[in-house]
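An overview of the molecular structure
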Amino acid sequence: MSDKSQPDVDINARHDEKMKKIKAARDKMMAQKIDKKGLIIVHTGKGKGKSSSAFGMAMRCVGHDMKVGVVQFIKGGWETGEAKLLKKFPELCEFHAMGAGFTWETQNRAQDVALAREAWNKALEMLRDPSYSMVILDEINIVLRYDFLPLDDVLEALANKLPDQHIVLTGRNAPDTLIEAADLVTEMTMVKHPFREQGIKAQIGVEF
C-alpha cells in the first residue's frame, strides 16, 4: 500500500528548506541596515486612509510611551474619533485641530492662510522639541497645494529636523520636492468609495 502522506511530507520539507534560505538572506540584509533614524513620512494619493494611517502610527507610539504631537491643518471643524481617543493621553499626545474645515466650506482664503500660518507655527514648536518622538502634520499637503504656506519653509524645516524625530505629512497632491525629501512615501489609490458609488455620506468610525 502506498503512503498517501508522503506528498505532504515532501511539500513541508521543501517549504521548510525554502524558509531557511529566505531567513538567512534576510538576516544578512538586516545586518547591513541602520538601527535607528527619524523618518520623513508622506501619505498622499486620492484614496482613503492617509490620515487614518498616520493616526495608527500615533497610537502605536502612545503604546510604546513615545510622545506624539499632532497638528491638523484642515479638519478642525470635525469632531473626529482619533482626536477624542488621543486626547485621553495628554501626557503622551498633544493634539491641535487648527483648521476651520474644508476649503470649499470656509470660502475664505485670507482666514485659511492665517490659520495655516498659526498651525505651522505650532508645528515648528513641536519640530524643535526633542521630547516629541513623532510629529504628524495632518492635511498639510492641502495647504501647500493652495499656497497657504510657502513650500520652501516646510522643506527647510524638514532638512533641519531633529535626527531621531519622525515627521508624518498627509494629504493628497504631495509636491514632488516633498516626495523627494521623504524617506517613506505611500500613495493611497481609490478603487471604490461608497460616496461615489452609492451616494453614502461619511460614516462615524470609518471616516471620522
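Right above here is the structure, for reference.
Attention here is on the structure that accompanies the text.

What counts, and where the lines are drawn
- Residues numbered from 1 in each chain as written.
- Predicted model: local features only at pLDDT ≥ 70, side-chain atom pairs only at ≥ 80, totals over all residues.
- Heavy atoms only, no water.
- Helix = DSSP H or I, 4+ residues; strand = E, 2+ residues; numbered from the N terminus.
- Buried < 20%, exposed > 50% of the residue type's maximum accessible area, 1.4 Å probe, protein only.
- Areas by Shrake-Rupley, 256 points an atom, 1.4 Å probe, with all protein chains shown as cover.
- Phe/Tyr/Trp six-rings, centres within 6.5 Å; stacked < 30°, edge-to-face > 60°.
- Pairing = 2+ DSSP bridges.
- Axes fitted to C-alpha atoms, helices over the stretch in contact; angles between N-to-C directions.
- Contact = heavy atoms within 4.5 Å.
- Core = buried A, V, L, I, M, F, W, Y, C linked by side-chain atoms within 4.5 Å.
- Expected span 1.5 Å × (residues − 1).
- Arc of directions from axis to C-beta.
- Patch = residues over 30% accessible without salt bridge, like charges linked within 9 Å, V, L, I, M, F, W, Y side chains within 5 Å.
- Salt bridge = Lys/Arg side-chain N within 4 Å of Asp/Glu carboxyl O.
- 1 Å grid on protein atoms, 1.4 Å probe; cavity = no way out; pocket = protein on both sides within 12 Å on 5 of 7 lines; lining within 4 Å.
- Points joined across faces, edges and corners; volume = space filled by probe spheres on them.
- Nonpolar A, V, L, I, M, F, W, Y, C, P; charged D, E, K, R; others polar.

Considerations on the overall build of the protein chain
- Looking only at helices and strands, one finds nine helices and six strands in the protein chain.
- The buried share among the 208 residues of the protein chain stands at 38%.
- As presented, the protein chain carries roughly 13,100 Å² of accessible surface, and 52% of it is formed by carbon and sulfur atoms.

Section: the packing of aromatic side chains
- Following the criterion strictly, the structure yields two aromatic pairs and no others.
- On the numbers, 5.8 Å between centres and 25° between planes, the contact of tyrosine 146 with phenylalanine 148 is stacked.
- Using a relative accessible area of 8% as the deciding quantity, one classes phenylalanine 148 as buried.

Considerations on the environment of arginine 128
- Along the chain, the position of arginine 128 falls in the loop between α5 (109-127) and β4 (134-138).
- As for arginine 128 and alanine 157, which are separated by 29 residues in sequence, their C-alpha atoms are 9.2 Å apart.

Digging into the sheet that holds strand β6 (residues 184-187)
- Taken together, the six strands give an open sheet; going across it, the order is β3-β2-β4-β5-β1-β6, and neighbouring strands pair in parallel fashion. Each having just a single partner strand, β3 (93-97) and β6 make up the two edges of the open sheet. Geometrically, the sheet is characterised by an average inter-axis angle of 10° between neighbouring strands, direction not taken into account.
- Bridging between strand β1 (residues 40-44) and β6 involves four bridges; their strand directions are parallel. Counted as the bridge partner of valine 42 is valine 185 from β6.
- Sitting on the sheet, helix α2 (residues 50-63) touches β1, β2 (68-72), β3, β4 and β5 (166-170), and the angle it makes with β4 is about 160°.

Some remarks on the nonpolar core
- Counting 31 residues, the largest nonpolar core has Phe73, Trp120, Leu137, Ile140 and Leu169 as its most contacted members.
- Those elements that provide at least two residues to this core are β1, α5, β4, α6 (140-145), α7 (151-159) and β5.
- In terms of residue count, the dominant contributor to this core is α5 (seven residues).
- Setting aside residues no more than four positions away along its own chain, leucine 137 makes contact with Val71, Phe73, Trp120, Ala123, Ile167, Val168, Leu169 and Thr170.
- Core analysis: the next-biggest nonpolar cluster, separate from the first, contains 17 residues, Phe55, Leu86, Cys93 and Met134 among them.

Considerations on α2
- Along its 14 residues, α2 runs 20 Å from first to last C-alpha, staying within 8% of the 20 Å computed at 1.5 Å per residue.
- What α2 keeps buried is the set Lys50, Ser51, Ala54, Phe55, Met57, Ala58, Cys61 and Val62. Each buried residue of α2 sits inside an arc of 150° when the element is viewed along its axis, so together they form one side. Opposite the buried face of α2, by more than 90 degrees, sit the exposed residues Arg60 and Gly63.
- On its buried face, α2 is in contact with β1, β2, α3 (81-86), β3, β4 and β5.
- Of the residues flanking the end of α2, it is aspartate 65, one or two places downstream, whose phi is positive at about 60°.

Some points on a nonpolar patch on the surface
- On the surface, a nonpolar cluster with roughly 230 Å² of combined accessible area is contributed by Met59, Leu85 and Phe89.
- You can see leucine 85 is positioned in helix α3.
- Among the residues examined, leucine 85 registers a relative accessible area of 34% and is labelled partly exposed.

A look at the layout of surface pockets
- What the second largest pocket holds in volume is close to 200 Å³.
- Residue lining of the second largest pocket: Trp120, Leu124, Leu127, Arg128, Asp153, Glu156, Ala157, Asn160, Lys161, Leu162, Gln165 and Ile167, and that is the complete set.
- When residues of the lining of the second largest pocket are traced back to their parent elements, those giving at least two are α5 and α7.
- Classifying every residue of the lining of the second largest pocket by side-chain character gives six nonpolar, two polar and four charged.

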